Amino acid sequence: MKKLYAFLTSLPFMSFIFLALAFSMAIATFVESSYGTPTARALVYNTHWFEALWGLFAFNLLNNIFRYRFFTSRRFTLGLFHVSFLVMILGGGITRYFSFEGMMHIRENESANYILSSEDYFYAGFGDQEKDKVVRFSEITPKQYKAKFDVNGLKVKVKSTGFIENAERKAIPAEKGDPVIDFVFATPGGQGMQSYMFRMGDVLNHPGFTAGFNVPEEKLINFFLRDGQLYLTSFASLEETTMASQETVAFNPGDTIPVKPMFLYGFGDYRFLVRNYYPSATFTAVKSQGETNEDAVFIEISDGIKKQTVPVFGHSGMAPDTVRVPLGDGTLKLAYGAMPRIVPFSIYLKDFQMERYPGSESPSSYASEVVLQDQAKGITENIRIFMNNTLTHRGYKFFQSSYDMDEKGTILSVNYDFLGTWVSYLGYFLLFIGIVTSLINKNSYFQFLAQKLKNSTVKSLLLLATLGSLAFGASAQSGVGAGIPDIDDEVVQEFSELWVQGVDGRIEPISTLTSEIVRKVSRKSSLYGLSPDEVVLSMMTHPEIWRSMPFVRVSDKVLAAQLGAVDNKYVSIESLFDEQGNYRILEPVRAAYAKAPAFRNRIEKEYLYLDERVNIAFMVFQGSMFNLFPREHTEDPWYAPGAVAAEYTDGDSIFIKSGFQLFLQSIVDNNSADAVQILQALENFQTKYGGDLIPGETKRNIEILYNDVNPFKRIFPYYLMFGFLLLFVLLVNIFRQKPLPRVIKYSFASVIVLLFLVHTAGLVLRWYISGHAPWSNGFESVVYVAWAAMLAGIIFGRKYPLVIGTAAFLSGIALFVAHLSWMNPEVTPLVPVLKSYWLTIHVAIITASYGFLGLSTFLGVLTMILFVMRNNRNAERVSGFIEQLTTINEMSATVGLYALTFGTFLGGVWANESWGRYWGWDPKETWALITVVVYSFIVHMRLIPPLKGVFNYNFASILGFASVLMTYFGVNYYLSGLHSYGKGVADGVNPAVPISFAVLAGLIIWAYIKDSNFEKAKSQKE
């Protein structure tokens, strides 16, 4: 027993738990992406073995807290840090076993006093025998339920044997069945025809369209039987159309109409038909090709002699329908779905309110005006629930989650977890205190590393820089753009300063939109030596020239070759149409749209991207891309040039209709004075009618300056250049014995700091322009990670130039990645859920941690290079560098781990305040936790004898960064989850990635061989 206890509480076993947790959670995220959340929960997250892993982790941690005396005065801060994890595990356990979640759906002018559970249940009942169970059905985990019932003395077994996700009901004629109508309908703005199976008493409720089959309350369309014949009556005037001859017959409201299968009926923009009518039928389930919002569980019922299989339809989060199966002298009731749970009060919805960004369909915010009604406590209170503003009552917490498509109903997520939440929050607080105090505690390991650096006998090498400039502008295609007429600079300047309303409703200088257009269409920042403003103006004034010029990017090389793209990258608009004017890629585009997004291959996706770029180009040619004219009602979208503006007087209306065309004609006629005058008139128009929406002059000038300077793209070549040169010089200088002049060192450091200040200023400008923290999408967060990496380099590299060089090179690579074609640099409004100060803090800390962990990785790579360079002549000098860089590596990884850990759990606070749960095993948060576990293992390797050592640590610091890359890029671009707002358009893996990994693997193997030989030779000498 003692041996077992010693094994379970040992540090090697702790390392095994770390790896087992990381591996199991990683597998679960891929299972979830392929098979859905219920499968991941059934196979991993909600299993007893996964709970046992966390239990063993807590047991091991608790024992080691006492074994290593973490509560002595010297180690108290470290003890506090580790105890916080025990508190968080306790809070998670309370949440898991004693709390519940659900959804409350309320329509306007109605109240609700129950929630539907977030857990799925399967229920079976026969008489007074009832058995329900929490289930997590999926197509690979269908056997989740079994029960036995006593039916007339026979033991009847009920068990689930199969499951179909996105199931479709299929009626089958049967002798002992019910009348069934196979019904198909289409609504305005709907996605094609939709199917519905009517049984007696069923009702179809759709906004603007209701239908019922033998129901007491009359609907818009009413089906009924008379002498075995199916009839309908309607409260609207109907037209009946013969599908074959297209002959139409009109019916008045209230007419009794004999239903004819496959005849089309319609009123207004609604259409429906009865595909088939079955006088007696039962249902089975088949797999649908699309989303049906209905699943099917196949239930086998056996009494030992006979078996029958019954499909039970339902869906997660929805109230179940009850299936009744005759059994013996009674009825077996079966149901699958969410369990209704009564709450001791009710909520009445007075009004659901949607706010949109001006001129856009994108929601800015949505809210529910409700009345809390609690008769037992005598409470009637008006409350407004909106994103990040909750209602808490009797331990229940209500969050604004979603809404009905007709905006007449609200969906509130509900959480009942007061104790679990606050215990977890206490753990987060202890974590924060433990991190801060451990960093400053003079007896902590972090301070030990700092002191080790301070006492290092290795002299800091001075820096050398070859100052110069690199031209990193976009290259023009040689000889192609020579015939483009010039446009007067003053006209271009005036045009760039106009306000325009983007498709997302944001009011921005037109220079911002032109930059986005050029990048979207060509994946370049400029074309043929022209600025984006010049390109767009030229496209509008000389469309015939631009139609023949290859500037539309085709990213896929195979498709580019098929289309005869110039340089295998660019096609012209003209080349995409044949001599008869037919669009050459029309059929492939249609075929791609006909497929569900998940089933489109790379070529089909590229066809859609190409089609989008072509459409944007045509919108630019026509000027319809530019909403330049404000409306009298500020919530309405601005007018584009040429629009018919009936709300304005004749003069203003004519100006909207023709003014911009006159401006373009003035450019064609080389009449710059008239063109400038029209632009000034347009600016006056915008000021007159859009004054309340238009940002100030200062903000416009700053945004235009930001667009012109493009700071992040401008500095990344210099980050790369100075970082590479610094590392190269320092590595070469290892073989020299003389220090470099002090002036060169400080000159080089000054340039690096200057680049960092420009980087910082760019972030500040983007924050000011967008109105929110600049880390809300993929582009912004990569830029921020680069900034954090450089900050880490400056902090740890004050005396160690290799660190500064590594950080500069890393930041340059990150900014280079940010400007790849699949990153989106657009400044856009925030979706409602992102409007939270908790998000700002969470993302700032967690992305900053990536900078520190990235620096740790690059220092590991640099150390591997030093292992390769070490020989008998420079052994002492290089070994000193290796020790120094490894110490800085450990410090950077420790700070990164602290920030990542705290940032991850701050994300739980944000999620709880926004969605009502502080942990939901979403792939993004799960991979963040995996990364925490991975780096916890790395920083503890020094305590495990077989794993400690300089080479092992540096190797692990390189390998561990793969988890960071997966957390940041992999989840965002290749897995599903809630964090879709940070996505880009990456498709597949760039060939440079496996090549880089292969080179890195070769370097590590080479370093291992060299280090092993060096240590072997060293031991032989000793």
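Residues numbered from 1 in each chain as written. Predicted model: local features only at pLDDT ≥ 70, side-chain atom pairs only at ≥ 80, totals over all residues. Heavy atoms only, no water.

On to the overall build of the chain. Across its full length, the chain holds 26 helices and 29 strands. Per-residue burial for the chain yields a buried fraction of 52% across its 1022 residues. When contacts within the chain are restricted to residue pairs at least 6 apart in sequence, long-range pairs at least 24 apart make up 64% of them. (Helix = DSSP H or I, 4+ residues; strand = E, 2+ residues; numbered from the N terminus. Buried < 20%, exposed > 50% of the residue type's maximum accessible area, 1.4 Å probe, protein only. Contact = heavy atoms within 4.5 Å.)

In terms of residue burial, helix 10 (residues 532-541) counts as a mostly covered element, since 10 of its 10 residues are buried. Here the buried face of helix 10 lies against helix 8 (489-496), helix 9 (510-522), helix 11 (543-547), helix 14 (602-622) and helix 15 (650-668).

In this section: the sheet that holds strand 4 (residues 146-151). The strand order across the open sheet built from four strands is 4-5-17-18, with neighbouring strands paired in antiparallel fashion. What marks the edges here is a single partner per strand, and that holds for strand 4 and strand 18 (307-314). Across the sheet, the mean angle from the axis of one strand to that of its neighbour is 30°, orientation sign disregarded. In this structure, strand 17 (residues 295-302) lies alongside strand 18, joined through eight bridges in antiparallel fashion. Across the sheet, residue Val297 finds its bridge partner in strand 18, namely Val312. (Pairing = 2+ DSSP bridges. Axes fitted to C-alpha atoms, helices over the stretch in contact; angles between N-to-C directions.)

Read from one edge of the open sheet, six strands run 7-6-16-15-12-13, paired in antiparallel fashion. With one partner strand each, in any of the chains shown, strand 7 (194-199) and strand 13 (248-251) form the two edges of the open sheet. Across the sheet, the mean angle from the axis of one strand to that of its neighbour is 35°, orientation sign disregarded. As paired elements, strand 12 (residues 238-241) and strand 15 (residues 264-267) share three bridges and run antiparallel to each other. Along strand 15, the bridge assignment pairs Glu240 with Tyr265.

Below, the discussion takes up the packing of helix 10 against helix 14. Remark: helix 10 packs on helix 14, axes separated minimally by 7 Å, with the N-to-C direction vectors making an angle of 70°. Taken as axis vectors, helix 10 and helix 14 run roughly perpendicular relative to one another. Side by side, helix 10 and helix 14 meet where Val536, Met539 and Met540 of the first sit next to Ala617, Val620 and Phe621 of the second. A breakdown of the residues in the contact of helix 10 with helix 14 according to their chemical character gives six nonpolar, no polar and no charged. (Parallel < 35°, antiparallel > 145°, perpendicular 65-115°, else oblique. Nonpolar A, V, L, I, M, F, W, Y, C, P; charged D, E, K, R; others polar.)

With that settled, consider unusual backbone geometry. If you check the backbone angles, Met262 has positive phi at about 65° while not being a glycine. Along the polypeptide, Met262 turns up in the loop between strand 14 (257-258) and strand 15. Given the relative accessible area of 39%, Met262 is considered partly exposed.

This next bit is on the pairing of strand 3 (residues 129-135). The pairing of strand 2 (residues 111-126) with strand 3 spans seven bridges and is antiparallel. Paired with Phe122 across the two strands is Lys133, which belongs to strand 3. Adjacent in sequence and paired antiparallel, strand 2 and strand 3 are bridged by two residues, among which Gly127 carries a positive phi angle near 65°.

Looking now at helix 9. If you check helix 9, its first and last C-alpha atoms are 18 Å apart, about what 13 residues at 1.5 Å a residue would give, namely 18 Å. Counting buried residues along helix 9, 11 of its 13 residues qualify, which places the element largely inside the surrounding structure. Listed as buried for helix 9 are Ile510, Ser511, Thr512, Leu513, Thr514, Glu516, Ile517, Val518, Arg519, Val521 and Ser522. (Expected span 1.5 Å × (residues − 1).)

Think of a pair of aromatic rings as described by two things: how far the centres are apart, and how the planes are tilted against each other in angle. Scanning all chains against the criterion turns up 64 aromatic pairs. Note on Phe185 and Phe209: the rings are 5.6 Å apart at their centroids and 5° apart in plane angle, and the pair reads as stacked. Taken together, the residues Phe185 in strand 6 (residues 167-186) and Phe209 in strand 9 (residues 209-213) connect sequence positions 24 residues apart. Relative accessible area serves as the criterion here: at 3%, Phe185 is assigned to the buried category. The buried category is assigned to Phe209, whose relative accessible area is 1%. Measuring from centroid to centroid gives 6.3 Å for Phe495 and Phe663, while their planes differ by 15°, and the two rings are stacked. One end of the pair, Phe495, is in helix 8; the other, Phe663, is in helix 15, with 168 residues separating them in the sequence. Here Phe663 falls in the buried class, since its relative accessible area comes to 0%. What links up through ring pairs into an aromatic cluster is the set Phe183, Phe185, Tyr196, Phe198, Phe209, Phe223, Tyr265, Phe267, Tyr270 and Phe272. (Phe/Tyr/Trp six-rings, centres within 6.5 Å; stacked < 30°, edge-to-face > 60°.)

For the rest of this paragraph, the subject is a negative patch on the surface. A cluster of acidic residues, Asp486, Asp488, Asp489 and Glu490, forms a negative patch at the surface. Within the fold, Asp489 resides in helix 8. (Patch = residues over 30% accessible without salt bridge, like charges linked within 9 Å, V, L, I, M, F, W, Y side chains within 5 Å. Areas by Shrake-Rupley, 256 points an atom, 1.4 Å probe, with all protein chains shown as cover. Salt bridge = Lys/Arg side-chain N within 4 Å of Asp/Glu carboxyl O. Lys, Arg positive; Asp, Glu negative; His and termini not counted. Charge placed at Lys NZ, Arg CZ, Asp CG, Glu CD.)

In this section: the confidence of the model for the chain. Per-residue confidence for the chain gives a mean pLDDT of 82, with 86% of residues at or over 70. Residue range residues 821-835 is modelled with pLDDT below 50. Its contacts to residues more than four positions away, or to other chains, number 58 contacts. pLDDT under 50 marks residues 977-987. Its contacts with residues more than four places away, or in other chains, come to 31 contacts. (pLDDT = per-residue confidence, 0-100.)

Two quantities define a packed helix pair, namely the angle between the axes and the distance from one axis to the other. As a packed pair, helix 2 (residues 11-35) and helix 4 (residues 48-67) sit with axes 10 Å apart at the nearest point and diverge in direction by 150°. Classified by the angle between their axes, helix 2 and helix 4 sit roughly antiparallel to one another. For the pair helix 2 and helix 4, the sense of crossing is left-handed. For the pair helix 2 and helix 4, contact is made by Leu11, Phe13, Met14, Ile17, Phe18, Ala20, Leu21, Ser24 and Met25 and by Trp49, Phe50, Leu53, Trp54, Leu56, Phe57, Asn60, Leu61 and Asn64, respectively. Residue composition of the contact of helix 2 with helix 4, by class: 15 nonpolar, three polar and no charged. (Left-handed = near helix turned anticlockwise from the far one by under 90°.)

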